[in-house]
Amino acid sequence: MTPQPQTRSTEPSGVEIPVGLSSASVWPQPARAAFEMAADLGFDGVEVMVWADAVSQDVPALHRLSREHGVPILAVHAPCLLITQRVWSPEPEERLRRAVVAASDLGASTVVVHPPFRWQRRYADGFGELVGELEETSGIRVAVENMFPIRPPNRLNRLRGGRASGLSAFRPSPDPTEVGYPSYTLDLSHAAAAHEDAVELYKRMQDRLAHVHLADGTGVPRDEHLVPGHGTQPCAEICELLAADGFGGSVVLEVNSRKARNQQERAALLAESLVFARLHLRGPGSSDEPEPRPGS
């Protein structure tokens, strides 16, 4: 049976989607700087990337920062990177469990997690069951993020299969929709690096989409995390789809500001990203600049 195309409203849903700042966006500055900049620029909250920064691993310290700056914590990104394999625990299952506990303690609704690496065999074998168990018992969305292969699929692979995954470090795939999980994080920079059609990926994730990392990319095989509008990804279209579909999660700017020469340049990049997100999350056809908010 041929699926019938969905009828999508062309009017904004009226749902105001929170726009947060990832603490990864201020690296190499520490997590504290993310709370300061989120407050100064008028973001709706922060996503905490748990990594080598001691404060990012310290729940009471994060509580204090959130209260001090009046910025809620929207999400916790579990320590999944190669450089964070010893943060909290050498066991990936324990790291994910601790991230869920931290999110619950901090009032965050979502934990972002990557698919398992190929060499994490035991973790990979039980990953789906673990994610389902943690969601059910905690009430936290454990949102598995789309990643990208070490080597993207070539044109011949795409002609043969359409969704070939290239040479991947992830098991079984960098695309979590190929397995199916209760919740997803959509990352547009990762989609660019994977040569994935971001709109088609959004459609596959849509009913279970909990969280979005908004950033751009050009299709080079690395994680660029450009300011939205500075690459080739359909960042505006995705935002407008989220607005039209009444998305109930958060959109978090996870952009690369490492080349900023000073704090003013970093603030300008993040402010531009915030304006882009707010403008296009107002719904299709939005053309006016978004109203400034306190602190912005």
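For clarity, every value in this text was computed on a predicted model and none was experimentally measured.

So, how was this worked out
One numbering rule holds for all chains: residues counted from 1, following each sequence as written. Residues qualify for local features only when their pLDDT is at least 70, as the model is predicted, and side-chain atom pairs are given and counted only at 80 or more; totals for whole chains, interfaces and linings, by contrast, use all residues. To get the side-chain values, take all heavy atoms of the structure and skip hydrogens and water. Secondary structure elements follow DSSP: runs of H or I no shorter than four residues count as helices, runs of E no shorter than two count as strands, and numbering proceeds from the N terminus. Exposure classes here rest on a 1.4 Å probe applied to the protein chains alone. A residue is buried below 20% of its type maximum, exposed above 50%, and partly exposed in between. Contacts: residue pairs with any heavy atoms within 4.5 Å of one another. What we call a nonpolar core is a set of buried Ala, Val, Leu, Ile, Met, Phe, Trp, Tyr and Cys residues that are connected through their side-chain atoms within 4.5 Å. Only residues whose relative accessible area exceeds 30% and that form no salt bridge enter a patch; like-charged residues are grouped when within 9 Å of one another, and nonpolar side chains (Val, Leu, Ile, Met, Phe, Trp, Tyr) when within 5 Å. Calculation of accessible area relied on Shrake-Rupley with a 1.4 Å probe; when residues are assessed, cover is drawn exclusively from the protein chains displayed. We define a salt bridge as a side-chain nitrogen of Lys or Arg found within 4 Å of a carboxyl oxygen belonging to Asp or Glu. Put simply, the grid is 1 Å and covers the protein atoms alone, a cavity is a trapped set of points that fit a 1.4 Å probe, a pocket is an open set with protein on both sides within 12 Å along at least five of seven lines, and lining residues have an atom within 4 Å of a point. Grid points are joined across faces, edges and corners, and a volume is the space filled by probe spheres set on the points. Here the term charged refers only to Asp, Glu, Lys and Arg, the term nonpolar to Ala, Val, Leu, Ile, Met, Phe, Trp, Tyr, Cys and Pro, and the term polar to all other amino acids, Gly among them. Here, strands pair whenever DSSP counts at least two bridges between them. Axes, fitted as lines to C-alpha atoms, cover a helix only where it is in contact. Angles between the N-to-C directions of the axes lie from 0 to 180 degrees. Here the aromatic set is Phe, Tyr and Trp, taking the six-membered ring for Trp, and pairing holds for ring centres within 6.5 Å; pairs whose planes are under 30 degrees apart are stacked, those over 60 apart are edge-to-face, and all others are tilted. Cysteine sulfur pairs qualify as disulfides if the two atoms are within 2.5 Å.

Draft legend 1. Looking closely at the overall build of the protein. Along its length, the protein carries nine helices and eight strands. Of all 296 residues assigned to the protein, the portion counted as buried reaches 52%. A fraction of 74% describes how many contacts in the protein between residues 6 or more apart in sequence connect residues 24 or more apart.

Draft legend 2. Local environment of the nonpolar core. Formed by 69 residues in total, the largest nonpolar core has its most connected members in L96 and L242. Aside from chain neighbours lying at most four places away, what touches L96 is A78, V111, V113, Y123, F127, L130, V131, L134 and V142.

Draft legend 3. Structural context of a nonpolar patch on the surface. Taken together, the side chains of L82, I83 and W119 make up a nonpolar region of the molecular surface, amounting to roughly 400 Å² of accessible area. Positionally, W119 belongs in the loop between strand 4 (110-113) and helix 4 (121-138).

Draft legend 4. Summary view of the layout of surface pockets. Considered as a void within the structure, the largest pocket measures approximately 770 Å³ in volume. Taken together, 26 residues line the largest pocket, and the ones lying closest to its centre are L81, F148, H190, D223 and H225. For the lining of the largest pocket, a count of residues per class yields 16 nonpolar, five polar and five charged.

Draft legend 5. Main features of the sheet that holds strand 5 (residues 141-145). Judged by pairing direction, the barrel is parallel, and its eight strands sit side by side in the order 1-2-3-4-5-6-7-8 before closing back on the first. Taken over all neighbouring pairs, the strand axes of this sheet differ in orientation by 30 degrees on average, direction set aside. Strand contacts of helix 4: strand 4, strand 5 and strand 6 (183-187), with the helix running at about 145 degrees to strand 5, the strand carrying the most contacts. Its contacts with the sheet place helix 7 (residues 198-205) against strand 6 and strand 7 (209-214), and it is angled at close to 165 degrees to strand 6.

Draft legend 6. Structural context of the packing of aromatic side chains. Evaluated as defined, the whole model comprises five aromatic pairs. Note on F117 and F170: the rings are 5.3 Å apart at their centroids and 20 degrees apart in plane angle, and the pair reads as stacked. With F117 in the loop between strand 4 and helix 4 and F170 in the loop between helix 5 (155-161) and strand 6, this pair connects stretches of sequence that are 53 residues apart. Classification of F170 by relative accessible area gives buried; the value is 6%.

Draft legend 7. Spatial organisation of the side chain of Q120. On the secondary structure map, Q120 appears in the loop between strand 4 and helix 4. Judged by its relative accessible area of 11%, Q120 falls in the buried class. Ignoring any residue separated from it by four or fewer positions in sequence, one finds Q120 in contact with Q85, P92 and R95.

Draft legend 8. The pattern of salt bridges, seen in detail. Summed over all chains, the structure comprises ten salt bridges. Here R278 makes a salt bridge to D44, at a shortest N to O gap of 3.3 Å. Taken together, the positions of R278 in helix 9 (residues 263-280) and D44 in the loop between helix 1 (31-41) and strand 2 (45-49) put the pair 234 residues apart, joining distant regions of the chain. Looking at D44, the relative accessible area reads 21%, which means it is partly exposed. The network of salt bridges with common partners includes E93, R97 and E133.

Draft legend 9. Examining the state of the cysteines more closely. Considering all chains together, one arrives at zero disulfides under this definition. Counting only cysteine sulfurs, C239 is the nearest neighbor of C235, a cysteine outside any disulfide, at a range of 6.9 Å. A residue is classified by how much of its surface remains accessible, and C235, at 1% relative accessible area, is buried. Classification of C239 as buried rests on a relative accessible area of 1%.

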